[in-house]
Amino acid sequence: MEKTVAATEAKITVKKNHFKSKKKSERTLKIIIFILLITVSIVLMTPIVWMVSTSLKPMSEIVRIPPTLFPKEIQWGNYVETIKTFPFFRYALNTLFITFFVVIGNVLSNSFIAYGFAKISFPGRNLLFSLVLTTMMIPGFVTMIPQYVLFSKIGWVGTYLPLIVPSFFGNAFSIFIMRQFYMSISNELVEAAKIDGANHIYIWSRLMIPLTKPAIITIAIGAFNGAWNDFLGPLLYIHEESMYTLQIGLKTFQSQATAQWNYLMAGATLVLLPTVLLFFFAQRYFIEGMDLTAGSKG
């Protein structure tokens, strides 16, 4: 009897030691991962911190050796001077105009096309979807010249149309995200809506879009960032200075303002600010949008 009790106690002790060792190992792993993430975050944030810091320094402090990370005297006037130096608000309005329609076009086209691939059966559906996905392997520089020739032939060069219209024809990656969300939604909902007399337009707009809000917001964020930070597109198609976007305007300002790094960094900070704020307020939906099974939870 005593041997049995001793053996039981020994087993319990071994299990406790194993549990403590496992728990200690998990805690150590979490600490290592946390330190690694902090280190990577510091490395990634350093250029942004340096940009903002430089935007608040006078030129005398920027050229000082050794350089300082934080300004000794904060110069908020750099932002005012930057806005006065070039038509910032005009360029911002142009950029916002393009970005608005690009976001609308991406959300409507990608969600509608993905609905067709996910919930409508037709011959060759899977083959056609595979062909759409293969377009992601085509570099944008390959289609740049044919697109420019096409838009030049129809007289769109010099307007915003080449920057806006393509967004209404879908994007392979966004279609893939939306389709995966739609696939996670039960087909019984669609069948029930059909029994009630709803057509596909009604089902897509009134049933599917509300259930896939995280994916919609994810696509919208991606489209906003792409249009807001686009440099090559406006450089190719926009020729009049009054139609410049912020990216082109900032580059023009850089060539005009010789060695005015504080003003240039102030302009770059102002251009970056909307993107940062958008991600800050919508990051929860963005993270949910990357979960391709979230539609079934909605």
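Cut-offs used in this document
- Residues numbered from 1 in each chain as written.
- Predicted model: local features only at pLDDT ≥ 70, side-chain atom pairs only at ≥ 80, totals over all residues.
- Heavy atoms only, no water.
- Helix = DSSP H or I, 4+ residues; strand = E, 2+ residues; numbered from the N terminus.
- Buried < 20%, exposed > 50% of the residue type's maximum accessible area, 1.4 Å probe, protein only.
- Contact = heavy atoms within 4.5 Å.
- Areas by Shrake-Rupley, 256 points an atom, 1.4 Å probe, with all protein chains shown as cover.
- Phe/Tyr/Trp six-rings, centres within 6.5 Å; stacked < 30°, edge-to-face > 60°.
- Lys NZ or Arg CZ within 6 Å of the ring centre and 35° of its normal.
- Axes fitted to C-alpha atoms, helices over the stretch in contact; angles between N-to-C directions.
- Parallel < 35°, antiparallel > 145°, perpendicular 65-115°, else oblique.
- Left-handed = near helix turned anticlockwise from the far one by under 90°.
- Nonpolar A, V, L, I, M, F, W, Y, C, P; charged D, E, K, R; others polar.
- pLDDT = per-residue confidence, 0-100.

Caption draft 1: Here's a closer look at the overall build of the protein chain. In terms of regular secondary structure, the protein chain is built from 14 helices and 0 strands. Order of helices (α) and strands (β) in the protein chain, N terminus to C terminus: α-α-α-α-α-α-α-α-α-α-α-α-α-α. Counting the 298 residues in the protein chain, one finds 33% classified as buried. Partitioning the intrachain contacts of the protein chain with sequence separation of at least 6 by distance along the chain shows that 72% fall at a separation of at least 24. Of the roughly 18700 Å² of accessible surface on the protein chain, a fraction of 70% belongs to carbon and sulfur atoms.

Caption draft 2: Highlighting the side chain of threonine 269. When you line up the elements, threonine 269 lands in helix 14 (residues 261-289). For threonine 269, the residues in contact, after removing those within four places along its chain, are Met51, Val52, Ser55 and Tyr79.

Caption draft 3: Structural detail: the packing of aromatic side chains. Summed over the entire model, instances satisfying the criterion amount to 17 aromatic pairs. When the centroid spacing of 5.6 Å and the interplanar angle of 85° are considered together, the rings of phenylalanine 88 and phenylalanine 89 count as edge-to-face. Under the relative-accessibility criterion, phenylalanine 88 is labelled buried at 9%. Plain terms: the ring middles of phenylalanine 100 and phenylalanine 101 are 5.2 Å apart, the flat faces sit at 80° to each other, and that makes the pair edge-to-face. The exposure class assigned to phenylalanine 101 is partly exposed, which follows from its relative accessible area of 31%. These aromatic residues form a ring-pair network of at least three members: Phe86, Phe88, Phe89, Tyr91 and Tyr244. Geometry around tryptophan 50 places lysine 57 over its ring, the cationic atom sitting 4.8 Å from the centre. Against the face of phenylalanine 129 rests arginine 179, its NZ or CZ located 4.2 Å from the ring centre.

Caption draft 4: Here's a closer look at the packing of helix 9 (residues 187-195) against helix 10 (residues 200-211). Helix 10 packs onto helix 9 with a crossing angle of 140° between their chain directions and a minimal axis gap of 11 Å. One finds that helix 9 runs oblique with respect to helix 10. For helix 9 against helix 10, the interelement crossing comes out right-handed. Of helix 10, the residues touching helix 9 (which contributes Leu189, Val190, Ala193 and Lys194) are His200, Ile203, Leu207, Met208 and Leu211. Looking at the contact of helix 9 with helix 10 residue by residue, the class counts come to 7 nonpolar, 1 polar and 1 charged.

Caption draft 5: Quick peek at the packing of helix 5 (residues 125-134) against helix 8 (residues 172-183). Close contact between helix 5 and helix 8 brings their axes to 9 Å; oriented N to C, the two are set at 135°. Put simply, helix 5 runs oblique to helix 8. Two secondary-structure elements touch here, helix 5 through Asn126, Phe129, Val132 and Leu133 and helix 8 through Ala172, Ile175, Phe176 and Arg179. Broken down by class, the residue content of the contact of helix 5 with helix 8 amounts to 6 nonpolar, 1 polar and 1 charged.

Caption draft 6: Here's a closer look at the confidence of the model for the protein chain. When pLDDT is averaged across the protein chain, the result is 84; 87% of the residues are at 70 or more. Contacts for the low-pLDDT stretch residues 294-298, under 50 throughout, to residues beyond four places or in other chains number 9 contacts.

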